[in-house]
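Breakdown of the fold
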Amino acid sequence: MSIRRKVVVHVAAVVLAAWTLIPLVWVAIVSITPPNEFASRPLRFWPKVPDLTNYPRLLGREATSPSGKVLEPSGHSSLIVHGLINSAEVAVVVTAISLIVCVPAAYALARLNLRWREAGLLTIIATRALPPIATTIPFFALFSSLGLSGTRTGLVITHLTITVPLLVWIGTSFFASLPAGLERMARVDGCSRFRAVTKVVVPASGPSITAMAVIAFLTSWNEFTFALIFNTGSTAQTFPPALASMFFQVSVPTEVAAATCLGLLPPLLLAAVFQRYIRRVNFVGIQ
Amino acid sequence: MTSTATVAPPHTPSTTPRARFSSRISTNRFGLLLVAPVVLLTVVIVIYPVAYSLWISLTSSNPITGRSRFVGLENYATALGSGEFWRTLTLTLFYVVCVTVMGTVVALGSALLLREKFLGRRVLMALIVLPWALSTYAAAVVFRYVYSPQFGFSAAVSERLGLDPSNILAQGSVIPALALVHAWQFAPLGAYFLLATLQMIPEDLYKLAKVDGVRLMGRFRYVTLPYIRLPMAIFLVLIGGQAATAFDLIYFLTSGGPGGSSRTLSFFIYEETFQNQRLGSGAAMSWILLVVVVALTVGYYKVALRVGNRDMKEET
Amino acid sequence: MSETTLQTQSVAIHVRKVLKRYGSSDKPALNEVSLEVPPGELLAVLGPSGSGKTTMLNVLAGLEQVEAGHVLFGDEDVTALQPEQRGVGVVFQSSMLYPHLSLRDSISFAPRIAKVPKQEISRRIEEVTNWLNIGHLLGRRPGEVSGGERQRAAIAKALVTQPRLLLMDEPFSAVDAQLRRQLRTELVKLHRRIGTTTIFVTHDQEEAMAIADRVAVMRDGELVQVGTPLELYRSPVNSWLADFVSIQPLNHFDAHVDEADRLVLLDGTLTVEGARLPRGSRVAVGVRPEHITMRPEPAATTWRILTQEMLGSVVKYVVRDTNGHEITTVTTADEMLAPDQPVELRVDRGRCMVFDAQTGKAFASASAQEASGVS
Amino acid sequence: MELTRRSFVKRMSFAALAAGVGGPVLAACAGPDKGAAAGGAVLKAPASGTGTMNMRIWGAYPEFVKERAREFTDSYGTKVDLGVVAGDYPSIIQTQLRQNQKLDLFYGLGHLPKGWNTAGWLHDYERFWNKDKAEAEMLPVVRDALTIDGKLIGLPYFAFVNGALFANKQVLATAGLDSWPTTYDELYAQVRKVKKSGASDTPYLPSFWSAPYYGIPFGFVQEAMNRGMPMFGAGGKPEFDENSGGVVDMLGQWRDLYSENLVPKGVLTFQESDWIETFAAGGIAYSPQLQYDLRTFNDPAKSKSAGQFVAVPQQGQKWGMMHMGIYLTGNNGQSDEDLAQAYSMAEYFGYRDRKSGEFVVPTKWAAENNLTQGYAEVNNSPTVEKAVRAWLPDADEQWPILKDYMADPQYAKGLYHTDWALEWVSEASRQLPQAVNGDADIKKVVRTLREKAEKLIEEYGE
């Protein structure tokens with residue numbers, strides 16, 4: 001590689017890193033800016049006295065500010081803490097159900113040469129073209145009669161409408177890429193059809209299934225529209241509407257920034273840890 | 001024969017236990033059994049509600065008085081006859097174009113870069129996943145801190161450069177500004193996706209092109225592009241569909257403003273169904289949007305596949 | 001010698017009128033095929049691609065359900081049994097091991113499923129892997145060992161289940177020629193040692209002839225011939241098979257029987273004495289290159305050497321007659337004859353394979369045997 | 001098509017599914033099926049608190065409400081499940097009411113309860129044991145606002161002036177201004193002077209132009225009313241039009257403010273937190289704000305120009321209008337006992353503590369957060385005055401000004417007491433910004449808004 005090319009490539013790498021990170025880092029910086037330094041003129045890129053108190057305060061603890069003042073827990077702490085807990089619960093249940101339902105289906109669609117395979121996959125993928133707001137309309141009516149509005153169960157159901165088609169889609173392409181004949185070997189090794197799936201195909205697809213799980217978790221954790229419409233203000237409120245309640249209200253922007261960081265940390269960590277698996281996602285899936 | 005130590009008892013039909021259920025049924029039935037939960041779930045929580053929303057779109061009901069009546073295609077006619085609907089549809093298409101262009105440029109640029117060797121490549125490869133891990137709502141919250149003329153990063157930078165912090169979310173620039181957030185959030189997926197394809201292009205092809213005296217842009221046009229056209233098409237369909245149905249980004253950053261400058265069809269539907277609670281006309285507009293998105297997707301897919309196939313044929 | 005403690009079994013395999021069709025296809029993949037395999041035999045199923053040989057293997061393993069007919073292991077009818085109930089060991093063509101497991105876990109997978117006690121599994125693994133010389137690789141994954149080691153591990157995996165029947169689906173197709181020959185020899189030795197009935201599917205006739213006790217040749221879903229390599233070599237039932245099992249391409253001739261009971265080949269430039277066929281009959285004759293005796297004869301006028309090719313222990317010559325007909329001969333590499341060398345050719349009746357001119361079927365093997373007796 | 005066994009089974013399962021899920025759905029979609037919950041004798045205050053009450057509030061000061069809820073539980077035994085809602089509050093709550101979520105006590109704004117009551121989603125307070133006493137103590141404007149169809153619909157959560165005109169003394173001093181504006185025209189003239197003087201680049205922050213639904217429509221209605229322009233008559237009949245000057249001229253002035261860059265950039269997409277932050281950051285001369293936020297602006301922890309923010313006196317010109325928060329009770333078919341529990345909680349939060357007889361929560365609201373209440377006794381109490389004077393700049397001058405704001409504010413009853421106020425407000429929040437930023441012709445916007453009201457009257461009046 002010529003020197004010139006080397007320089008160009010490294011500069012481009014720095015630009016890409018900056019483009020990716022600056023928005024995130026800036027929110028983190030705002031979250032540790034003390035209120036009296038916030039929005040100072042001219043704007044500072046780093047606070048003179050970093051102030052981490054927003055975090056313990058949002059998690060419901062008292063905190064001592066850099067100036068030694070003892071600050072009460074944030075008024076939004078229960079909102080945020082409950083939101084985080086609910087989000088985690090809902091996301092875990094959604095992930096579990098999605099995997100239980102989608103792994104066998106994706107496996108079957110990818111490897112069993114079913115009749116109606118194409119039609120099934122196309123239907124599933126077509127549902128992805130629905131605007132999320134459009135699916136809320138029928139649920140609007142459904143939930144009132146079933147009493148599911150404002151419950152975690154209801155939210156899990158709505159999240160499944162997104163994760164199930166998505167996971168079947170990407171799962172199908174995952175399983176299609178498994179070595180041929182794996183199940184035949186399992187069969188002669190003494191597995192029934194079903195055990196061949198559970199004992200061989202699933203373990204052999206560890207990374208793929210991990211990627212599916214991560215994607216299901218992220219999708220649920222980040223889901224906003226259903227959570228806003230059905231669960232805002234309820235005890236089953238997840239993090240996104242809780243953050244929205246702070247965002248749209250008289251909150252100190254630095255505190256909102258800290259809340260944002262708290263809510264974004266789990267997906268960011270998860271994605272960073274499992275990014276090697278996520279990279280395997282292949283959307284070509286169907287031909 | 002040398003192995004005579006012992007001989008296992010012969011298998012006889014009477015000692016062979018019955019095969020497990022999953023083995024006894026035909027492959028097709030076993031497959032249907034595995035697919036059944038998804039089919040059932042999809043029917044109950046996706047197909048049925050969607051079909052139900054089709055029914056809703058043929059009705060008109062008042063949220064307060066509770067009066068509801070069947071109106072046939074009136075909601076569709078009203079939507080298609082209203083200037084506001086066409087305005088939001090046009091805005092949606094503009095938004096989709098902005099998002100796809102920006103998203104593709106960033107994704108392709110990242111992929112081309114990540115194919116090179118440089119210091120910290122592995123780290124960067126892992127880093128770029130981060131925006132993707134957020135949804136558009138979270139990206140919107142994050143970019144509020146970038147765009148704000150009062151305390152945003154962009155304001156801080158422009159101040160340092162001696163410029164007047166401009167209002168990025170103003171009439172003229174709001175759609176590209178929102179599209180940028182969308183592209184920021186969605187491009188990593190495209191980058192990974194394209195990179196996987198780029199890495200399959202044989203290095204020899206580039207050498208050959210070099211020997212033939214093809215310049216950098218030419219090498220991109222004649223070597224790289226034919227390979228990535230199909231994955232690129234798929235990425236464009238994905239990001240385009242995402243953009244067409246995006247709502248939370250707009251909800252958080254502009255609420256459709258200023259003055260309706262960012263009221264895309266998806267947000268318009270939100271206003272109609274949720275703020276006004278006019279489920280009928282909201283559902284009708286959703287269906288129109290769905291048809292538009294599906295038609296564009298299918299049309300685009302077909303074109304892309306044809307072009308892709310043609311390229312591949314030229315190759316061989 | 002009894003260092004083997006692995007409990008091996010050898011059952012007779014009976015395949016009776018098995019019919020198998022895929023989907024709605026009219027042409028059956030197996031068209032009422034019957035096959036008898038005595039206990040302990042190493043049978044090669046040989047055929048070109050699409051001949052139904054892999055289907056046959058799948059039917060034996062239980063991976064495919066048959067439409068009609070029966071499969072018996074010994075006197076047990078296993079037709080309706082699922083693969084997991086049949087007690088067969090299979091070495092597949094590709095992905096012979098579980099990619100996500102270490103060799104040890106792959107090999108012990110089936111006995112673990114069968115709930116064989118742990119100690120017993122270890123004992124068997126130790127024994128089998130010692131035979132195959134892969135004991136030191138057990139901790140690795142398939143991606144971390146060489147192709148040959150993968151093959152050996154796959155065989156070990158098939159053996160630890162102590163199968164009644166060992167099935168192998170072109171197991172050596174993915175390795176290079178030299179290693180393939182080596183593995184073949186090892187397989188034969190191993191089979192001698194364990195004596196399990198083994199059915200080996202291949203499209204490589206050389207491989208089939210080299211290792212098998214008997215070879216079953218398949219074509220278009222039918223069994224063409226089952227016999228020892230020598231039988232196939234010497235008495236193929238038709239000209240297609242004769243071609244298919246020969247290493248060097250056959251010389252084919254249209255021939256007729258003349259008044260002197262001679263087979264007249266190539267407009268008479270080559271004749272074979274003692275046809276023992278009705279006068280005037282028209283037949284197809286196939287002669288293997290190695291069965292044409294060639295002798296340098298400066299005075300000969302009909303045949304001259306066109307090209308020669310050194311093939312190691314033998315030399316292949318293409319010889320041309322005055323009419324421009326060419327035939328191929330192979331002789332031992334004692335001497336090299338130069339091109340243009342006039343030669344004399346002789347073909348014994350016993351070396352001729354005579355087929356019906358229309359159907360390509362061999363004439364009754366009795367006459368062939370008689371013929372060979374004469375030579 | 002032949003009806004094979006398979007296809008028959010398939011059809012049957014679809015039918016079963018449709019019947020199982022579809023039945024209730026269709027029933028639910030038919031609209032409100034409960035009649036208005038009315039009638040019945042006046043209830044007795046419950047002897048003890050039981051069960052759990054669902055409470056939903058707007059996102060302002062959630063920690064304050066949480067603390068009061070804890071005190072209520074300690075004192076009365078009733079547990080409180082408190083939910084905080086912000087953003088599209090009316091739509092979110094209306095959705096939950098429609099979906100029959102259990103809402104025992106929840107916050108509503110003045111323009112909401114009329115329609116909700118018509119739909120049968122609310123329990124009125126006619127059976128509340130202290131109804132007459134509470135009504136007697138309310139400010140007249142508050143009592144009027146809370147009386148819907150002749151019935152008391154709830155108890156006051158707060159009552160303050162929305163769009164109270166605040167000034168930043170520092171900026172005015174720099175610009176050399178020393179007299180308060182007495183009309184909107186004077187206000188806008190001063191704003192231009194400030195900009196000219198260089199004291200501020202964007203001297204005016206019309207906080208009510210911003211993105212939320214309670215932004216620009218409220219600003220529009222309040223400025224029109226304060227300028228004496230008729231807006232809505234009886235039954236919500238629109239009394240404005242595009243031909244007679246009035247609101248058209250007013251919007252023209254707004255358009256000028258915007259195009260002359262007298263207002264901060266991005267104001268049309270501001271959220272509430274943005275407009276508070278922007279004013280608190282200094283550099284703005286005048287801004288109509290929520291009255292109670294005067295405390296926020298003068299809080300050094302939240303504001304860089306604390307001590308500089310004062311309310312502009314109403315000298316013949318009213319600024320802003322009455323803004324009402326209301327404790328409402330949902331009608332989910334609850335028993336009289338449960339209703340009494342809801343009343344009991346409403347009484348504690350929105351009236352007097354039954355045990356002490358004092359205005360406990362309202363007084364704390366007013367004293368701690370400057371959130372004025374629907375009762376003169378609370379707003380003028382020594383506790384509150386003392387608390388407010390503690391932080392209020394120029395307290396001797398400012399305290400009477402603040403009291404004056406609450407003396408006789410305008411209230412947009414003509415609009416608010418319609419079944420369709422929410423819908424009109426939504427439409428206005430979309431139309432008006434386009435008039436301000438020049439996307440749409442002002443006259444056309446005004447006509448659209450009038451026609452919208454007429455159409456809604458027709459539809460709801462059917």
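Residues numbered from 1 in each chain as written. Chains lettered and ligands numbered in written order. Predicted model: local features only at pLDDT ≥ 70, side-chain atom pairs only at ≥ 80, totals over all residues. Heavy atoms only, no water.

1. Considering empty space enclosed by the protein
Over the atoms rolls a probe the size of a water molecule, and in doing so it shows where empty space is left. The line we're drawing: Here the term cavity refers to a set of points on a 1 Å grid, laid over the protein atoms alone, in which a 1.4 Å probe fits but cannot get out; the term pocket refers to an open set having protein on both sides within 12 Å along at least five of seven lines, with lining residues being those that place an atom within 4 Å of a point. Grid points are joined across faces, edges and corners, and a volume is the space filled by probe spheres set on the points. Here a helix means four or more residues in a row that DSSP labels H or I, a strand means two or more in a row labelled E, and each is numbered from the N terminus. Residues are grouped as follows: Ala, Val, Leu, Ile, Met, Phe, Trp, Tyr, Cys and Pro are nonpolar; Asp, Glu, Lys and Arg are charged; every other residue, Gly included, is polar. Where a domain begins and ends is set by an automatic assignment or by a domain database.
By the definition in use, this model includes twelve cavities of 30 Å³ or more. What the largest cavity holds in volume is close to 300 Å³. If you go around the largest cavity, you meet 28 residues; those closest to its centre are S255 of chain B together with A211, P212, Y213 and S429 of chain D. Of all the secondary structure elements, the ones that give two or more residues to the lining of the largest cavity are α13 (265-275) of chain B together with α19 (421-436) of chain D. The class makeup of the residues in the lining of the largest cavity is 13 nonpolar, eleven polar and four charged. When residues are assigned to domains, the lining of the largest cavity turns out to be shared by domain 1 (5-159 + 327-394) and domain 2 (161-321 + 412-460) of chain D, each giving three or more.

2. Focus on the packing of helix α3 (residues 103-113) of chain C against helix α5 (residues 147-159) of chain C
Residue and element names in this part refer to chain C. Short version of the rule: Think of each axis as a best-fit line through the C-alpha atoms, taken over the contacting stretch in the case of a helix, with angles from 0 to 180 degrees between the N-to-C directions. Comment on the angle field: the value is read as roughly parallel under 35 degrees, roughly antiparallel over 145, roughly perpendicular from 65 to 115, and oblique elsewhere. A clockwise turn of the near helix away from the far one marks a right-handed crossing, whereas an anticlockwise turn of less than a right angle marks a left-handed crossing. In what follows, residue pairs with any heavy atoms lying within 4.5 Å of each other are defined as contacts.
Closest axis-to-axis distance for the α3/α5 pair is 7 Å, and the angle between their directions is 30°. For the element pair α3 / α5, the angle class is roughly parallel. The handedness of the crossing between α3 and α5 is right-handed. Packed against α3, whose contacting residues are L103, S106 and I107, the element α5 presents A153, A156 and K157 at the interface.

3. Some details on the pairing of strand β2 (residues 79-85) of chain D
Residues and elements named next belong to chain D. Selection criterion: Whether two strands pair depends on DSSP finding at least two bridges between them. With strands facing away from the observer, any crossover in which the path from the first strand over the helix to the second runs clockwise is taken as right-handed.
Of the pairings in the sheet, the one linking strand β1 (residues 52-58) to β2 comprises seven bridges and is parallel in character. Paired with M53 across the strands is V80, a residue of β2. Between the parallel pair β1 and β2, the chain is carried across by helix α2 (residues 62-76), and the sense of this crossover is right-handed.

4. Digging into the interface of chain A and chain B
For clarity, the cut-off: For any pair of parts, buried area is found by adding up, for both, the accessible area (1.4 Å probe) each one loses once the two are put together. For this analysis, a salt bridge means a side-chain nitrogen from Lys or Arg found within 4 Å of a carboxyl oxygen belonging to Asp or Glu. Distance and chemistry together define a polar contact, namely a pair of N or O atoms within 3.5 Å, with one atom able to donate a hydrogen and the other to accept it when in protein, and with adjacent residues in sequence counting only for side-chain atoms on both sides.
Between chain A and chain B, the contact holds 92 residues from the first and 90 residues from the second. Interface area for chain A against chain B, summed over the two sides, is near 8300 Å², with a carbon-plus-sulfur share of 78%. Linking chain A with chain B are one salt bridge. For E116 of chain B, the salt bridge is made with R5 of chain A, and the minimal N-O distance between the two is 2.8 Å. Where chain A touches chain B, the interface holds nine residue pairs in polar contact (both at pLDDT 80 or more). The element contributing the most residues to the side of chain A that touches chain B is helix α1 (residues 3-31) of chain A, with 16 residues. Its residues assigned to classes, the side of chain A that touches chain B shows 72 nonpolar, 13 polar and seven charged.

5. Considerations on a positive patch on the surface
Using the following cut-off: For patch building, the residue pool is restricted to those with more than 30% relative accessible area and no salt bridge; the joining distance is 9 Å between like charges and 5 Å between nonpolar side chains (Val, Leu, Ile, Met, Phe, Trp, Tyr). A 1.4 Å probe and the Shrake-Rupley method give the accessible areas. Residues count as covered only by the protein chains that appear here. Charged residues are defined here as Lys and Arg on the positive side and Asp and Glu on the negative side; His and the ends of the chain fall outside this count. For this purpose, a charge sits on NZ of Lys, CZ of Arg, CG of Asp or CD of Glu. Per-residue accessibility, obtained with a 1.4 Å probe over protein chains only, is compared with the maximum for each type, and a residue is labelled buried under 20%, exposed over 50%, and partly exposed between these values.
On the surface, K199 of chain A, R20 of chain B together with R112 and K115 of chain C cluster together to form a positively charged patch. With respect to the helices, strands and loops of the structure, K115 of chain C is situated in the loop between α3 and α4 (118-132). Among the residues examined, K115 of chain C registers a relative accessible area of 66% and is labelled exposed.

6. With respect to the sheet that holds strand β19 (residues 342-347) of chain C
Residues and elements named next belong to chain C. With antiparallel pairing, five strands are arranged side by side in an open sheet as β15-β19-β16-β17-β18. Each edge of the sheet is formed by a strand with only one pairing partner; in this case those strands are β15 (292-296) and β18 (326-332). Sheet twist, expressed as the mean angle between neighbouring strand axes with direction ignored, is 45°. Strand direction decides the pairing type here: strand β17 (residues 314-320) and β18, joined by seven bridges, are antiparallel. Looking across to β18, one finds that Y317 is bridged to T329.

7. Things to note about the domain arrangement of chain A
All names here are of chain A. For chain A, the assigned domains are domain 1 (3-71) and domain 2 (77-286). The C-alpha centroid of domain 2 is placed 31 Å from the C-alpha centroid of domain 1. Each partner contributes residues to the interface: domain 1 has 13 residues there, and domain 2 has 15 residues. Carbon and sulfur atoms supply 81% of the area that domain 1 and domain 2 bury against each other, a total of about 1200 Å² over both sides. One salt bridge connects E255 with R57, and the closest N-O pair in it is separated by 3.6 Å. At the surface where domain 1 touches domain 2, the tally comes to one residue pair in polar contact (both at pLDDT 80 or more). For the side of domain 1 that touches domain 2, the secondary-structure elements that each account for two or more residues are α1 and α2 (54-58). Of all the elements, α1 adds the most residues to the side of domain 1 that touches domain 2, at five residues.

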